[in-house]
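# Coordinates in review
Here is what each chain is made of, one letter per residue.
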Amino acid sequence: MNEITEIWKDVPGYEGKYKVSNLGRVKSLERKVRSVNRYTGKEFLRTVKERILRPGPTNTGLLYVVLGHGEAGKPVHQLVLKAFVGEAPQGMEVRHLNGNPTDNRLENLQYGTRTENILDVFYQGGRWRKLSLNDVIYARFSAFCGVPDQIIADELDVAASTIASIRKGKTYQWIK
């Protein structure tokens, strides 16, 4: 059995504070931070111990971590690719090759286009937003056959405007 070695690299913009691994884990490094005694109001330095951060899920299933007090969460998959590959090329985003948004191992991540990312989800049998690949094909075919948008929308539990956008080719145009 071949064991994968965990490699750690600094999180860009947080050098010396946080590291991310090729296995998709994020850790806070041991360091001194300035604090204020809540009773006396005096400043002092305290030691923050090194620890692996526990990521939280977003409503889309992606994992994020908070780097620094009061900051917004950062998606783990983006941190991994930025540290190991570099910034995303213009117009590219992070793809999870196996379709699992919680699998942030470097070997499962790659930069790609928005269309490639969405198609990955469809090909894995998942849904992008509310409709699956089969739902979109069904909606197009039904609209082509003259079924009113509202009837299709009611069947798929979406707004009639969503079906109209599919019918007109404004959305899901990458699906042939």
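Quick look at the structure, then.

Analysis parameters
Residues numbered from 1 in each chain as written. Predicted model: local features only at pLDDT ≥ 70, side-chain atom pairs only at ≥ 80, totals over all residues. Heavy atoms only, no water. Helix = DSSP H or I, 4+ residues; strand = E, 2+ residues; numbered from the N terminus. Rg over C-alpha atoms; globule rule 2.2 N^0.38 Å. Buried < 20%, exposed > 50% of the residue type's maximum accessible area, 1.4 Å probe, protein only. Contact = heavy atoms within 4.5 Å. Lys, Arg positive; Asp, Glu negative; His and termini not counted. Charge placed at Lys NZ, Arg CZ, Asp CG, Glu CD. Pairing = 2+ DSSP bridges. Axes fitted to C-alpha atoms, helices over the stretch in contact; angles between N-to-C directions.

### Notes on the overall build of the protein chain
The number of helices and strands found in the protein chain is five helices and eleven strands. Its C-alpha radius of gyration of 22 Å places the protein chain more than 25% over the 16 Å reference for a compact globule of 176 residues. Taking the principal axes of the C-alpha coordinates as reference, the protein chain spans close to 75 × 50 × 30 Å. Expressed as a percentage of its 176 residues, the buried residues of the protein chain come to 34%. By sequence separation, contacts in the protein chain at least 24 residues apart represent 37% of the contacts at least 6 residues apart. Separation between the mean location of the 27 positive side-chain charges and that of the 19 negative ones in the protein chain comes to 7 Å.

### Re the sheet that holds strand 2 (residues 18-21)
Taking strand neighbours across the sheet as the criterion, the four strands line up as 1-2-3-6 in an open arrangement whose pairing is antiparallel. For this open sheet the edge positions go to strand 1 (8-10) and strand 6 (51-52), each flanked by a neighbour on one side alone. Relative to strand 2, strand 1 is paired through three bridges, and the arrangement is antiparallel. Counterpart to Asp 10 in the pairing with strand 2 is Lys 19. Against the sheet, helix 1 (residues 76-84) makes contact with strand 1, strand 2 and strand 3 (26-28), and its axis sits at roughly 90° relative to strand 2, the strand it touches most.

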